[in-house]
Every structure is written in structure tokens, then in C-alpha cells.
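Here's the letter readout for the chains.
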Amino acid sequence: MLAKATPGQAERALADLAASGADVRLVLTARDLARELASGWQESLKFGARRTLRDFLDRAREGRSAFMRSFDPTRVLTTWGSGLPRERIHVVTAPPPGRAEDLLWVRFLDALDVDPAWVPREAARVNASVGVPEAQVLRRLNGRLGARAHRGGDLSPLVDGLVVAHALAPRRSAAITVGPDDLPWVAERSGEWVAWLRQRGVTVHGDLDDLLPEAPEGDWTDPDAPRPRQVAAAALDVVEVLLSEVHDRPASLGERLRRAFTRARG
């Protein structure tokens, strides 16, 4: 949310913090753009979006995407860090897949100068991911539900907290990735960002090369064109979970919404 701020909003926030005598430092977490785009699309589907991945990527490439403005480190750091010395600007890079699960957390704690032993508790929740056919179930469901599935809509907690968490995320399907036609421009944009960060001289926790995307291994599955049978199977899993919820918890719709909202918010 803070990354979306305008220069004027950031300037006012920083001025208020400085007036309080706070030691102001800027910490930006970032991961490679290919994974960020794939994740951003599916996250938008969890909260009511209906765009295809093709449309999502085209808007990002052409600069018509609020998502890209929020995740462009050159824009965010210019907005928030223009009045800060470079030693007070920190970038925490998300490691590539296959590294230790807690490495990003350890890097973030390093930016805060906090000993990991001080916060040893394991995370109780994870951000649920969905695969290719599951994403299409969500996209089509959003088309049916309309505004009720949008963030803040009355059915949004059920979609995210029940349909996604209990029916779609547990399935094992092809992962959502950026395809070969888009990887060249994604890699070029990423290289420009990394070069800018090196020149800016920010304090890096991790490795800036972590922000350079790699082509996914194996054959690519187009998230906009999954096999119909796979989509149907995912949809049936949703029906099964919803029927079980109604059967096992015979409560009013309002009560079920309240419980689902509580689960979704942890």
C-alpha cells in the first residue's frame, strides 16, 4: 500500500516522521519481475479480478498497470528515498526458488538489525498459491459473482478463505509462470532496474542478481488456455468443499461468512 503513494504523500509522511525525531530508514523488499507478475495476477483473481494473464501482462508492459507502478523499485525508491541519504535506503531481495524457506525473513531481519534468535516462532500461515486450472476457475467465478467477489464484497471472504484456501490451493497443478514470449521484455526491464539500483548505491540484503528472472524449467503451460477437463476437476473440488461446509456447519449464511472472514484474516 505504501508503494502506491504519490511523491506528495510520501513527502508529507517523511516530514511527519522526521518531526517526531525518528531515525527514518526506507526498506524495500523485491523479487524478480517474472515471479512478481505471475503472483500479482493470481492475487488479483483472489479478490475479484477477471482479466486474462495476457491482458494483465500487456498492461504491465505498456505502463497501464497500477501493479507495475507499485513494484517498480526505481519509482518507489525515487518517491520515498529522494530526500534520504543512500545509507538509509535498504533493498531486501527475495531469493530464487530452492533456497532456504526462511532466507527472505533472515534478510529482512538483517535490514532491521534484529537477531533472528529474538523471533524464533514459525509462521502459522502462508500465502496460498493456485495453479493454472485453479486460476481459471477463479476468473470465471469472479465473472459470475461480479462486485460481490471484489475486496470488501460480501462474498470475498468466502472466496479467499474457503474456495481458495480449502479447495484450490491444496491441488497440485502446473504453476503460473510468464511465458517465453514475455520473458525477453521482463528480463530487459529487470536488467534496467538492477543497473539503476547498483548505480544508486543502496544497501542490499541478499543479491541484486536475485532480481533477474530465469526461464521456468520444463514445458510452459499457458495459464489462459488450460485443459477443460482440468478446469472442470478443479471446479468440482470447489463444489465438494462448499457442500461439506454447508453440511458440517449448519449455520446461517451470516455466521458462515463471519467465520470465513475470521479465517481469511488469520
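Refer to the structure presented above.
So, a few notes on the structure that sits alongside this text. Because the structure is predicted, anything quoted here is derived from the model rather than measured. (Residues numbered from 1 in each chain as written. Predicted model: local features only at pLDDT ≥ 70, side-chain atom pairs only at ≥ 80, totals over all residues. Heavy atoms only, no water.)

### Section: the packing of aromatic side chains
Here comes step 1: Applying the stated criterion to the full structure yields three aromatic pairs.
Here comes step 2: Summarising the aromatic geometry, the rings of F56 and F67 are spaced 5.4 Å apart at their centres and angled 55° between planes, so their arrangement reads as tilted. Taken together, the positions of F56 in helix 3 (residues 53-61) and F67 in helix 4 (residues 66-71) put the pair 11 residues apart, joining distant regions of the chain. Across the pair, F67 and F56 agree in class, each one buried. (Phe/Tyr/Trp six-rings, centres within 6.5 Å; stacked < 30°, edge-to-face > 60°. Helix = DSSP H or I, 4+ residues; strand = E, 2+ residues; numbered from the N terminus. Buried < 20%, exposed > 50% of the residue type's maximum accessible area, 1.4 Å probe, protein only.)

### Remarks on the sheet that holds strand 3 (residues 203-205)
Here comes step 1: One open sheet holds the three strands; their spatial order is 1-2-3, and the pairing between them is parallel. Where the open sheet ends on each side, the last strands, each with one partner, are strand 1 (26-30) and strand 3. Each strand of the sheet is rotated relative to its neighbour by a mean of 25°, with strand direction disregarded.
Here comes step 2: Across five bridges, strand 1 lies against strand 2 (residues 89-93) in parallel orientation. The residue of strand 2 that forms the bridge with L26 is I89. (Pairing = 2+ DSSP bridges. Axes fitted to C-alpha atoms, helices over the stretch in contact; angles between N-to-C directions.)

### Let's talk about the environment of L14
Here comes step 1: Tracing the backbone shows L14 in helix 1 (residues 7-19).
Here comes step 2: The sequence separation of L14 and V24 amounts to 10 residues, and the corresponding C-alpha distance is 7.7 Å.

### A look at the pattern of salt bridges
Here comes step 1: Enumeration according to the criterion identifies 14 salt bridges in this entry.
Here comes step 2: R31 serves as the salt-bridge partner of E36, at 3.3 Å between the closest nitrogen and oxygen.
Here comes step 3: On the accessibility criterion, R31 (30% relative accessible area) is partly exposed.
Here comes step 4: Two residues, R171 and E134, come together in a salt bridge whose shortest N-O distance is 2.4 Å. Within this pair, whereas R171 is found in the loop between helix 8 (156-168) and helix 9 (183-200), its partner E134 is found in helix 7 (residues 132-145), the two being separated by 37 residues in sequence.
Here comes step 5: With a relative accessible area of 0%, E134 lands in the buried category.
Here comes step 6: Three or more residues are tied together by salt bridges with common partners; here these are D23, R25 and R88. (Salt bridge = Lys/Arg side-chain N within 4 Å of Asp/Glu carboxyl O.)

### Let's talk about the packing of helix 7 against helix 8
Helices that pack against each other are described as a pair by the angle of their axes relative to one another and the distance between those axes.
Here comes step 1: With their axes 12 Å apart at the nearest point, helix 7 and helix 8 run at an angle of 150° to one another. Taken together, the axis directions place helix 7 and helix 8 in an arrangement best described as roughly antiparallel. Where helix 7 crosses over helix 8, the handedness of that crossing is right-handed. Contacts between helix 7 and helix 8 involve E134, L138, L141 and L145 on the former and, on the latter, V159, V163, V164 and L168.
Here comes step 2: Within the contact of helix 7 with helix 8, the residues separate by chemical class into seven nonpolar, no polar and one charged. (Parallel < 35°, antiparallel > 145°, perpendicular 65-115°, else oblique. Left-handed = near helix turned anticlockwise from the far one by under 90°. Contact = heavy atoms within 4.5 Å. Nonpolar A, V, L, I, M, F, W, Y, C, P; charged D, E, K, R; others polar.)

These figures come from the coordinates and say nothing about function on their own.
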